[in-house]
Amino acid sequence: MNETILRFGYPATLVADYNHWVVLLRPAQPTLGSLILAAKGDYQALSDLPAAAFEEMHGVIGAIERALAKAVGYERINYLMLMMVDPHVHYHVIPRYEGERSHGPITLGDAGWPKLPALGAAMSLDPQQVILLTGWLKEIWAA
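Parameters at a glance
- Residues numbered from 1 in each chain as written.
- Predicted model: local features only at pLDDT ≥ 70, side-chain atom pairs only at ≥ 80, totals over all residues.
- Heavy atoms only, no water.
- Helix = DSSP H or I, 4+ residues; strand = E, 2+ residues; numbered from the N terminus.
- Buried < 20%, exposed > 50% of the residue type's maximum accessible area, 1.4 Å probe, protein only.
- Contact = heavy atoms within 4.5 Å.
- Polar contact = N/O pair within 3.5 Å; in protein donor to acceptor, adjacent residues only side chain to side chain.
- Core = buried A, V, L, I, M, F, W, Y, C linked by side-chain atoms within 4.5 Å.
- Pairing = 2+ DSSP bridges.
- Axes fitted to C-alpha atoms, helices over the stretch in contact; angles between N-to-C directions.

**Side note on the environment of arginine 96**
For arginine 96, the position within the fold is in strand E6 (residues 90-96). Residue arginine 96 is classed as buried on the basis of its relative accessible area of 3%. Here the alpha-carbon distance between arginine 96 and leucine 116, two residues 20 residues apart in the chain, equals 9.6 Å. If we ignore the near neighbours within four places in the chain, the residues touching arginine 96 are Tyr74, Glu75, Arg76, Ile77, Asn78, Asp110, Gly112, Trp113, Lys115, Leu116 and Pro117. Within the local environment of arginine 96, its side chain forms a polar contact with the side chain of aspartate 110, the two groups lying 2.6 Å apart.

Structure (structure tokens):
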């Protein structure tokens, strides 16, 4: 795994693992269910990815959208490719919604709705919250 994947808490945050991609719980949650879609390998430009990674990405995105629809009933979804601090190819996947969404003791609103996501308002998860949300999303993924 590359440094970017490790920086986002792998393996504790791992939701799903594919040949070319991992889906991770985003440890700082601007909205409930926020994820990281990260390419495996040392790719630092989107154009460096092999064709097979792009082909697989179609199915991974479908799985992400189905799982997040069940988990939080998002109204929109944002895929942000920022790569300013973490150089390896990855997307911040932010489900967007009006109001609040909850799982167990965690409740999050979308502070940026209906405009840009408010990444600075993200809730930083503690280790127990990471376990809770990662387990929840894994269960939904498997269903």
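**Focus on the nonpolar core**
In this structure, Trp21, Val23, Leu35, Leu37, Ile64 and Trp141 are the most contacted members of the largest nonpolar core, which totals 34 residues. When residues of this core are assigned to their parent elements, the largest contribution, nine residues, is made by helix H2 (residues 51-72). With sequence-adjacent residues up to four places away left out, tryptophan 141 is seen in contact with Val15, Ala16, Tyr18, Val23, Leu35, Ala63, Ile64 and Ala67. Of all hydrophobic cores here, the second largest spans seven residues; its members include Ile5, Leu14, Leu24 and Ala38.

**Observations concerning the sheet that holds strand E2 (residues 21-25)**
Hydrogen bonding along the main chain pairs the strands of a sheet, whether they run parallel or antiparallel. Spatial ordering of the open sheet is given by E1-E2-E4-E6-E5, a layout of five strands whose pairing is antiparallel. A strand with exactly one partner marks an edge of an open sheet, and here the two such strands are strand E1 (14-17) and strand E5 (76-80). Between one strand and the next, the sheet's axes are offset by a mean angle of 20°, whatever the strand orientation. Both E5 and E6 contribute to a ladder of five bridges, which runs antiparallel. Across the sheet, the residue bridging to tyrosine 79 is valine 93, located in E6.

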